[in-house]
Amino acid sequence: QIDSDGLDEMDLRILEVIIQNFRGGPVGLKNIAVSVGEEEEAIEDVYEPYLIKNGFINRTPRGRVVTDYAYKHLGIQLAE
């Protein structure tokens, strides 16, 4: 299943984990991989490029951070 922005189930799980488990980030690749049950390499090589290219996450020196666009797409209220 792919949604209107081209996100599949794993893309959505990655975004939801970063938001729900890590307050939107920053969070390291290893923590994301463990949380979603996927290999680090698969996240970094398959899922992350699309999420970055389409404005859902940013890579920072401290880790991955979801964008306001990701919150909006998922219908999750930004925490103040």
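Predicted model only: the values in this text are computed from it and were never measured.

J.: Help me out: how do you make sense of the packing of aromatic side chains in this one?
T.: For the structure shown, the criterion picks out 1 aromatic pair. An angle of 40° between the planes, with centres 4.9 Å apart, marks the rings of Phe56 and Tyr69 as tilted. Here Phe56 is found in the loop between α3 (40–53) and β1 (57–60), whereas its partner Tyr69 is found in helix α4 (residues 68–74), with 13 residues between them in sequence. Take Phe56: its relative accessible area is 0%, and that puts it in the buried class.

J.: I would appreciate a short explanation of helix α1 (residues 9–22) in the present structure.
T.: In an α-helix there are 3.6 residues to a turn, and that puts residues three or four apart on one side. Between the first and last C-alpha of α1 there are 19 Å, a value that for 14 residues agrees with the 20 Å anticipated at 1.5 Å per step. Restricting attention to buried positions, one finds in α1 the residues Met10, Asp11, Ile14, Leu15, Val17, Ile18 and Ile19. Buried residues along α1 sit against α2 (29–36), α3, β1, β2 (63–66) and α4. Looking one or two residues past α1, Arg23 carries a phi angle of roughly 50°, positive in sign.

J.: Could you clarify how one ought to interpret α2 in this entry?
T.: Within α2, burial applies to Leu29, Ile32, Ala33 and Val36. Mapping the buried residues of α2 onto a view down its axis gives an arc of 100°, with all of them on the same face. For α2, exposure combined with an orientation more than 90 degrees from the buried face picks out Lys30 and Val34. Packing partners of the buried residues in α2 comprise α1, α3 and β2. After α2 finishes, the residue Gly37 shows a positive phi value of roughly 70°.

Definitions and limits used
- Residues numbered from 1 in each chain as written.
- Predicted model: local features only at pLDDT ≥ 70, side-chain atom pairs only at ≥ 80, totals over all residues.
- Heavy atoms only, no water.
- Phe/Tyr/Trp six-rings, centres within 6.5 Å; stacked < 30°, edge-to-face > 60°.
- Helix = DSSP H or I, 4+ residues; strand = E, 2+ residues; numbered from the N terminus.
- Buried < 20%, exposed > 50% of the residue type's maximum accessible area, 1.4 Å probe, protein only.
- Expected span 1.5 Å × (residues − 1).
- Contact = heavy atoms within 4.5 Å.
- Arc of directions from axis to C-beta.

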